[in-house]
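Each chain is listed here by its residues.
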Amino acid sequence: GPGVPSIIETRESEVRGYCRGWPTTFDTAQGAWITDTSGRKFLDFFAGAGSLNYGHNNPILKEALIDYIARDGITHGLDMATVAKKEFLETFENVILKPRKLDYKVQFPGPTGTNSVEAALKLARKATGREAIINFTNAFHGMTLGALSVTGNSMKRAGAGIPLVHATPMPYDNYFGGVTEDFQWFERVLDDSGSGLNRPAAVIVETVQGEGGVNVARPEWLAALAELCARRDILLIVDDVQMGCGRTGPFFSFEIAGITPDIVTVSKSISGYGLPMALTLFKPELDIWAPGEHNGTFRGNNPAFVTSKVALDTYWSNNALELDTIRKGQKIAENFDDLAKKYEGEVHGRGRGMVQGLVFDKPELASKACEIAFGNGLLAETSGPSDEVVKLLPPLTITDDELDQGLAILADATEQVLS
Ligand code: PMP
């Protein structure tokens, strides 16, 4: 392959990551395929870390974007009123909120998922007048100091020193190896003046932990958590940055648990085109911001509003994508179950919808399998505290044939590292 250009290796900071695991230079991409400068095509089961649920350069969104730019539509608009923003909000209301009977105010907190988490944490503290946040083992919420404080990954936290936000981690569902835990321990810690925990402002949770290793919370666990929060007057924040926009099937990943979080963070695939965009959603009574109290130069990425509106109209006006995501997710899960049977005790699968993880008993083998898969034309990344999980996030719009091709490459790589 063409390798990584030397200026990237000499001039870009050592903090660079993905170009080490995938040492080539990418140039163009379409659908589930990404092409390097030597013309080599890879199936992309990474999809921009979950930002490309409708594939690379989705033709319907591309046309809308080209039309918008051709007519000199506003690109940068801070939070001024624009036609693109108005049309996005109307579509979000009619296609997403109303059919789900959800009443959320919409904040544009800045361009990234982390910006949305920061706004959520700030709002929870402002609304309750309390400071403490409950987070979970293996959580990932972003890399700024606030979001990092509620992230449970010691490697990611190592450089930052003392967390900025007072956060107390609790065990995530199944943390104790599949033993059904109720929330008695949780309530005891909250009630115990010896726990050092002040009454928390909020709990922040992912319904499936993506970066944490595809850890799946049961719907009943999420429902019990929501009930606990409501009873104790603690705000519930669901971080849907990676699992939202249909990754697990429904548009919001919490729909499966029948809960209505107080605050929801959305980013990654919300623009549908890999353009930076984020939303912080909250119940109307929480809209206590003063004008301009949370701002940011890139709050109004209007091209992203344009592609987002078209993506919502195209893929969420009916439930076809949701059903197809569940079906294709089952297909991946069955493929992983077959591997688990064949290599008993060495690998097993877990996931929900089209986020599926293949867990390696020997952690280092997951990265080895990804390396071999890359050599055979598949991009897949590892996740989990020891990078022991190969995490698949293919575009939701991938064809069955492409899905089968990618799964065959991964199965072959798995066989190679295990034999
Ligand atoms: N929350 C979750 C659940 C995420 O998966 C991520 C990104 N992996 C973030 C927040 C941070 O988003 P961003 O990288 O866009 O800041």
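Procedures and definitions
Residues numbered from 1 in each chain as written. Predicted model: local features only at pLDDT ≥ 70, side-chain atom pairs only at ≥ 80, totals over all residues. UniProt positions renumbered as here; feature names shortened; annotations may be inferred. Pairing = 2+ DSSP bridges. Helix = DSSP H or I, 4+ residues; strand = E, 2+ residues; numbered from the N terminus. Axes fitted to C-alpha atoms, helices over the stretch in contact; angles between N-to-C directions. Contact = placed C-beta atoms within 7 Å. Parallel < 35°, antiparallel > 145°, perpendicular 65-115°, else oblique. Left-handed = near helix turned anticlockwise from the far one by under 90°. Nonpolar A, V, L, I, M, F, W, Y, C, P; charged D, E, K, R; others polar. Near = placed C-beta within 6 Å. Domains from an automatic or database assignment. Buried ≥ 20, exposed ≤ 12 C-beta atoms within 10 Å, placed from the backbone. Expected span 1.5 Å × (residues − 1). Arc of directions from axis to C-beta.

The name that an unreviewed UniProt entry assigns to the protein chain is Diaminobutyrate--2-oxoglutarate transaminase, with the source organism given as Hoyosella subflava. Under the heading Pathway (unreviewed entry), UniProt records this for the protein chain: "Amine and polyamine biosynthesis; ectoine biosynthesis; L-ectoine from L-aspartate 4-semialdehyde: step 1/3." Taken verbatim from the UniProt record of the protein chain, the Sequence similarities (unreviewed entry) comment is "Belongs to the class-III pyridoxal-phosphate-dependent aminotransferase family."

Once that is clear, we can look at the sheet that holds strand β16 (residues 381–383). Strand order in this open sheet of 4 strands is β13-β14-β17-β16, and the pairing throughout is antiparallel. Edge positions in the sheet fall to β13 (347–352) and β16, since each has one partner strand and no second. Geometrically, the sheet is characterised by an average inter-axis angle of 30 degrees between neighbouring strands, direction not taken into account. In the sheet, β16 pairs with strand β17 (residues 389–392) via 3 bridges, with the strands oriented antiparallel. In the sheet register, Glu 381 faces β17, and the bridge partner there is Lys 391. Contacts from helix α12 (residues 320–342) reach β13, β14 (355–360) and β17, with the element oriented near 165 degrees to β13.

The next subject is the packing of helix α13 (residues 364–375) against helix α14 (residues 400–418). α14 packs onto α13 with a crossing angle of 130 degrees between their chain directions and a minimal axis gap of 8 Å. Judged by the inter-axis angle, α13 sits oblique to α14. The hand of the α13/α14 crossing is right-handed. Counting all contacts with α13, which are made through Leu 365, Lys 368, Ala 369, Ile 372 and Ala 373, the residues of α14 involved are Ile 409, Leu 410, Ala 413, Thr 414, Gln 416 and Val 417. Counted by class, the contact of α13 with α14 contains 8 nonpolar, 2 polar and 1 charged residues.

So, about the site of the ligand. What surrounds the ligand is a group of 15 residues, the closest being Thr 112, Gly 113, Thr 114, Val 241 and Gln 242. Top contributing element to the shell around the ligand by residue count: helix α6 (residues 113–128), with 3 residues. For the shell around the ligand, the residue count by class is 4 nonpolar, 8 polar and 3 charged.

It is worth spelling out unusual backbone geometry at this point. Here Ala 47, not a glycine, exhibits a phi torsion of approximately 45 degrees, which is positive. By the element assignment, Ala 47 lies in helix α3 (residues 47–50). Positive phi, normally seen in glycine, also occurs at Lys 268, with a value near 40 degrees. You can see Lys 268 is positioned in the loop between β11 (263–266) and β12 (279–282).

Moving on, we get to the domain arrangement of the protein chain. Interface size, as often reported, equals the accessible area lost upon joining of the parts. The domains assigned to the protein chain are domain 1 (6–58 + 320–418) and domain 2 (73–316). Between domain 1 and domain 2, the C-alpha centre-to-centre distance is 25 Å. Taken together, the contact between domain 1 and domain 2 spans 26 residues of the former and 24 residues of the latter. Of all the elements in the fold, those that place two or more residues in the side of domain 1 that touches domain 2 are α3, α12, β13, β14 and β17.

The side chains of a regular strand alternate between both faces of the sheet. On β12, burial covers both faces: Leu 279 and Leu 281 on one face and Thr 280 and Phe 282 on the other are all buried. Pairing geometry for strand β4 (residues 105–107) and β12, over 3 bridges, is antiparallel. By the bridge assignment, Lys 105 is partnered in β12 with Phe 282.

Our next topic: helix α10 (residues 219–231). An ideal rise of 1.5 Å per residue puts 18 Å on 13 residues; α10 measures up with 18 Å between its terminal C-alpha atoms. Listed as buried for α10 are Trp 221, Leu 222, Leu 225, Ala 226 and Cys 229. The buried side chains of α10 occupy one side of the element, clustering within an arc of 140 degrees when seen end-on. Away from the buried face of α10 by more than 90 degrees, exposed residues Glu 220 and Arg 231 are located. Buried residues along α10 sit against β7 (202–205) and β10 (235–239). Directly beyond the C-terminal end of α10, a positive phi value near 60 degrees is found at Asp 233.

A separate point is the sheet that holds β4. One open sheet accounts for 7 strands, arranged β4-β12-β11-β10-β7-β5-β6; its pairing is mixed. The open sheet terminates on both sides in strands that have one partner only, identified here as β4 and β6 (167–170). Sheet twist, expressed as the average angle between the axes of neighbouring strands with direction ignored, equals 20 degrees. Pairing geometry for β7 and β10, over 4 bridges, is parallel. Paired with Val 205 across the strands is Val 238, a residue of β10. Seen against the sheet, α6 touches β4, β5 (133–136), β7, β10, β11 and β12 and runs at an angle of roughly 165 degrees to β11.

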